[in-house]
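Here is how the chains run, residue by residue.
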2 protein chains.
Amino acid sequence: MKSIVEQLDPIFKPKSIAIIGASDTEGKWGFRMVETPLKTGYTGDIYPVNPKNNEILGLRSYRSVLDIPDHIDLAIVTVPAGSTPQVMRECVDKGVKGAILISAGFAEVGSEGKALEDEVVRIARTGGIRFVGPNVMGIWSAAGQLNLCLRQLPKPGPIAFVSQSGTFGGYLSEIANAKGYGLSKFISIGNQADLTASEYLAYLAEDEETRAIVFYMEGFKDGRGFFDLARRVIRKKPIVIYKGGNTSAGARATLSHTASLAGSDAVFEGMCRQVGLIRAQEALQSFEMAEALVGQPLPQGRRVAIMGSGGQGVVTADACASLGLEVPEFDRQTVTSLELALPPHAPPARNPVDFAASYRTTLEETSMTEKLLGLDYIDGVITNIPVNPTFWGLKPNSADSSKPLSDSVEAAKLFASLPKKYGKPVVCVRFRRADNDPVADIIREAGIPAYDTPEQCARAMWALTKYAEARRDDES
Amino acid sequence: MKSIVEQLDPIFKPKSIAIIGASDTEGKWGFRMVETPLKTGYTGDIYPVNPKNNEILGLRSYRSVLDIPDHIDLAIVTVPAGSTPQVMRECVDKGVKGAILISAGFAEVGSEGKALEDEVVRIARTGGIRFVGPNVMGIWSAAGQLNLCLRQLPKPGPIAFVSQSGTFGGYLSEIANAKGYGLSKFISIGNQADLTASEYLAYLAEDEETRAIVFYMEGFKDGRGFFDLARRVIRKKPIVIYKGGNTSAGARATLSHTASLAGSDAVFEGMCRQVGLIRAQEALQSFEMAEALVGQPLPQGRRVAIMGSGGQGVVTADACASLGLEVPEFDRQTVTSLELALPPHAPPARNPVDFAASYRTTLEETSMTEKLLGLDYIDGVITNIPVNPTFWGLKPNSADSSKPLSDSVEAAKLFASLPKKYGKPVVCVRFRRADNDPVADIIREAGIPAYDTPEQCARAMWALTKYAEARRDDES
């Protein structure tokens, strides 16, 4: 039997795609499934299939998939539900390797649709075709340079996103992308008639481009199987999950939406804890946490050092403590040595360290961060992306103020190297940083996440500690 | 005795300002306090004061405030703490009406600083000068077109922001501004040696440009007085508060930062409930909630109707229910009538209504929203900014698809008028909306807030219900 990688690679890395139900009418699914890959960089061959057209968007259109004079790795199906059994039979005859059933009107609309869905599954299984859907938006696969559904092409990156909701999943992908969280894959999984959440998880566990897996789920086809597999996968990669339907109002909505029985929130919470899944409280927070998990070393404990300006330190400390992280007071020697880099009016640098509206060089902030990472009772640091005084036209307090920009860049590279050097995570607030600040760019490109708010930093650190604990539990 | 408005207007609407301690050295406070108002549109007269310079940034500099040949409404003081008593005496002699003490090194550094602070207060009180600070970042006042501290000039708007933390407050203002929440004022209140949170509250209560007041606080000089006043102010305007120092780690930080005894979180929570202050759980969420409070009618109850796509409806329903809002099932007639505007494969429109990845005209979405607002068992609606099919190049399902853009714009105006017509709030997600979509612009300009996530919508609706309840409690 083929491995899960062999089974799913034709879907996520196809050399050729056929769009069955292609259309030349703007706005229709059959149009978008031709237009989107064509316009967003798919480099394989695209074959529209529609008996009524000879040409769609400048591409020759075929009457049937059987007429295409080439191998087809992936069939994208947008025909009405009733025609899908026939289409799937032709795909089997053609030797198509994988399919995505965009079409709706199956199990989600009732028993008749369910019977149709079962028939398509039977044909596909017998014929050796694995398929995504039905009732989906499509996929984005960085490895395949294939985008079927996202309006802004994501920055390729290490986060895979699997979503039971198509449109909302696409929207989340787009926001995540706008915030700079690179995606390796987006998969709208729909009714999971053939491929299920567990199988996508198994595939992504093996996917070299994926270093963290984010799920939006409403209910599971095989909850036990999913959690058993997740327990094994987290030895290799973190999994962050947001689950919809935690309240009775939400559960009613999941029932209408994906026919999912949302189940007890307490049971789900217990399973996540037991298995080591990291649970997000808000849908978008999954990506924030995944960003830290892919870029930072895992902490040995929950003890956090915090630097920031005034209220920023207060809010960070509150947010950390609320999540069960510790903010230990620094020893006296550390306090004294930190205060050398602060203005005389700064309060005692006990933790948090208050910058007290002073300006420091990039190197000074880097040295302070390094000092904290070196403490044996500190497991991770939350601070600002270090200021780049030269870039901002600022004059720092210290004698270094005359040094050129290149020194800030060098210091930024040093800062970026610290998490690896100490084996401890650093997460940052983009405190008053411009988008094109070279210091900020170097640091973020090195995998140190940069968030808008202190609360996001605290959640990221919390996720790192949760994942570290799950890994340790698993080893012990 | 002068009213609070008469006392504070010279600070927030000065016709002339003197910067005492002005500097021609970039990066220094005395430089920024001249440069920032000069470059960001202050239209009054600016007088630098510094005995060492004849000219600063092209403006004539004076040896002393007493040498300025003009009335001075507002003195901005950046001299070292030790020189402030002398400077304040000269301001009194000059007949200056208000002051902002930027300088640090007062009560926040210990008993010696406290003695100095007390002396400055005595001089100012005797001389009839009210002042902001010391130990502050400065202010932004839309009414005075005066910006002393924000790097991006805010869009003027109805939200006043009072912050006990200067740098962090400035950062929050800048993020709030980037998200489009217009600010009437930003006030960094520092040590509150003279003017206190209660007095700013009293002033803002009378300020015609301010329709909601946001506080970042760590502790109160006169908690009882503040809450008593707040109880009266909320009859006119909503107050949203974020309080730092809710955990022991945070409280330790507030003690170092603003010498505030953060006090018990439970006591603070109880006071907020009793008085009707709306408490934000995260600092930035204050602005999101204020945006809804200034633009939308208050709901009569907690019953919310939700429209959105698939998982979006699920997440919105969960978020609403978690906050104690209700998501009642629609009556049968309503379900049937909503379904006329949805594709056949859409699930039953029971609440939430699932758009099921279909496209509708702006007018169709407007009609659906109106239908929900008309239900006597619904107090508010959460939906998407209605799609503008023409703008997006989409072909809606309905026969309206051939109608021109102007019809979308007309429908948007209709949508924008609905909250007032029904006396019920509408809040929206910017679901896949471009920045320059005229439909989105019309709706947001009419005061209907547009957020990135369903959770933000739920919190906004929660804030509206909390404020409505506080107003009703107060009347009863």
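Per chain, the residues get numbers from 1 upward, laid out in the order the sequence is written. All chains are assigned letters beginning at A, and all ligands numbers beginning at 1, according to the order in which they are written. The model is predicted, so local features are restricted to residues of pLDDT at least 70 and side-chain atom pairs to those at 80 or more, both for listing and for counting; the totals for chains, interfaces and linings are taken over all residues.

K.L.:
Kindly report on the overall build of chain A, identifying the contributing residues and their values.
P.N.:
Here a strand is any run of E in DSSP of at least two residues, a helix any run of H or I of at least four, and the numbering for each starts at the N terminus. Looking only at helices and strands, one finds 17 helices and 19 strands in chain A. Radius of gyration means the value over C-alpha atoms here, while the globule rule gives 2.2 Å times the residue count to the 0.38 power. Compactness check: chain A gives a C-alpha radius of gyration of 25 Å against a globular reference of 23 Å for 476 residues, within 12% of the reference. Exposure is read from a count of other C-beta atoms within 10 Å of each residue's own; the residue is exposed at 12 or fewer, buried at 20 or more and partly exposed in between. C-beta atoms are placed from the backbone. A burial count over chain A gives 60% of its 476 residues as buried. What counts as a contact here is a pair of residues whose C-beta atoms, placed from the backbone, lie within 7 Å. At a minimum sequence separation of 6, the contacts of chain A that also span at least 24 residues come to 74%.

K.L.:
Any details on the interface of chain A and chain B? Residues and values, ideally.
P.N.:
Every contact between the two is made by 61 residues of chain A and, on the other side, 60 residues of chain B. When residues of the side of chain A that touches chain B are traced back to their parent elements, those giving at least two are α5 (166–178), α8 (248–258) and α11 (311–322) of chain A. Residue contributions to the side of chain A that touches chain B peak at 10 residues, all from α11 of chain A. Only Asp, Glu, Lys and Arg are considered charged in this grouping, and only Ala, Val, Leu, Ile, Met, Phe, Trp, Tyr, Cys and Pro are considered nonpolar; every other residue, Gly among them, is considered polar. Across the side of chain A that touches chain B, the residue classes tally to 23 nonpolar, 26 polar and 12 charged.

K.L.:
Break down the domain arrangement of chain A for me, citing the residues and quoting the values.
P.N.:
Residue and element names in this part refer to chain A. As far as domains go, chain A holds domain 1 (1–135), domain 2 (150–295) and domain 3 (296–475). For the domains described, the bounds stem from an automatic or database domain assignment. Computed from C-alpha atoms alone, the centre-to-centre distance between domain 1 and domain 2 is 24 Å. Between domain 1 and domain 2, the contact holds 19 residues from the first and 15 residues from the second. Mapped by element, the contributors of at least two residues to the side of domain 1 that touches domain 2 are α1 (4–12), α4 (111–127) and β7 (130–132).

K.L.:
Just give me the short version of the nonpolar core, but keep the residues and values in it.
P.N.:
By size, the foremost hydrophobic cluster in this structure holds 323 residues, and its most contacted members are I100 of chain A together with I100 of chain B. Look past the residues within four positions of I100 of chain A in its chain and what remains in contact with it is I11, L74, I76, V77, F131, V132, G133, V136, G138 and I139 of chain A. To form a nonpolar core, buried Ala, Val, Leu, Ile, Met, Phe, Trp, Tyr and Cys residues must be joined through C-beta atoms within 7 Å.

K.L.:
Go over the packing of helix α10 (residues 285–295) of chain B against helix α17 (residues 454–475) of chain B, please, and point to the residues and values.
P.N.:
All names here are of chain B. Whenever a helix is involved, its axis is fitted only over the stretch in contact; in every case the axis is a line through C-alpha atoms, and angles between N-to-C directions fall within 0 to 180 degrees. Relative to each other, α10 and α17 sit at 60°, their axes nearing to 9 Å. One way to sum up the angle between α10 and α17 is to call them oblique. The element α10 and its partner α17 pack so that their crossing is right-handed. Between α10, through Q285, E288, M289, A292 and L293, and α17, the contact on the second element is made entirely by Q456, R459, A460, A463, L464 and Y467. When grouped by side-chain class, the residues that make up the contact of α10 with α17 number 7 nonpolar, 2 polar and 2 charged. Here the angle decides the label: under 35 degrees means roughly parallel, over 145 means roughly antiparallel, 65 to 115 means roughly perpendicular, and every other value means oblique. Here is the rule for handedness: rotate from the far helix to the near one, and if that takes an anticlockwise turn smaller than a right angle the crossing is left-handed, while a clockwise turn gives right-handed.

K.L.:
Could you give an account of the pairing of strand β12 (residues 212–217) of chain A, naming the residues involved and the relevant values?
P.N.:
Residue and element names in this part refer to chain A. Across the 6 residues of β12, 6 count as buried, placing the element largely inside the fold. Residue alternation in β12 divides its side chains into two sets, A212, V214 and Y216 and I213, F215 and M217, and both sets are buried. Strands pair, by our definition, only if DSSP identifies at least two bridges between them. As defined by bridge partners, strand β10 (residues 156–163) adjoins β12 across 5 bridges and the pair is classed as parallel. Across the sheet, the residue bridging to F161 is V214, located in β12. Relative to strand β13 (residues 239–243), β12 is paired through 5 bridges, and the arrangement is parallel.

K.L.:
Any details on the sheet that holds β13 of chain A? Residues and values, ideally.
P.N.:
Residues and elements named next belong to chain A. What the 7 strands build is an open sheet, ordered β9-β8-β11-β10-β12-β13-β14; its pairing is mixed. A strand with exactly one partner marks an edge of an open sheet, and here the two such strands are β9 (146–147) and β14 (278–279). Of the strand pairs in this sheet, β13 and β14 are connected by 2 bridges, and their pairing is parallel. In the strand pairing of β14, I241 is matched with R279.

K.L.:
Tell me about the relation of the copies chain A and chain B, and name the residues and values.
P.N.:
Of the transformation placing chain A onto chain B, the axial shift is 0.0 Å and the rotation is 180°, giving an RMSD of 0.0 Å. Taken together, the rotation and translation describe the operation of a two-fold axis. Looking at chain A, 98% of its interface residues are interface residues in chain B too, so the copies touch through the same face. Here the copies were fitted onto each other by least squares, based on C-alpha atoms from residues at pLDDT of at least 70 in both.

K.L.:
I'd like a rundown of helix α9 (residues 265–275) of chain B, residues and numbers included.
P.N.:
All names here are of chain B. Within α9 the residues assigned to the buried category are F268, M271 and V275. Within α9, the buried residues cover an arc of 60° as seen down the axis, which keeps them to one side. Structural note: α9 exposes A266, G270 and Q274 on the side pointing more than 90 degrees away from its buried face. If you follow the buried residues of α9, they end up packed against α7 (223–233) and β13 (239–243). One or two steps after α9, the chain reaches G276, where phi turns positive at roughly 95°. Note: the arc covers the axis-to-C-beta directions of the helix.

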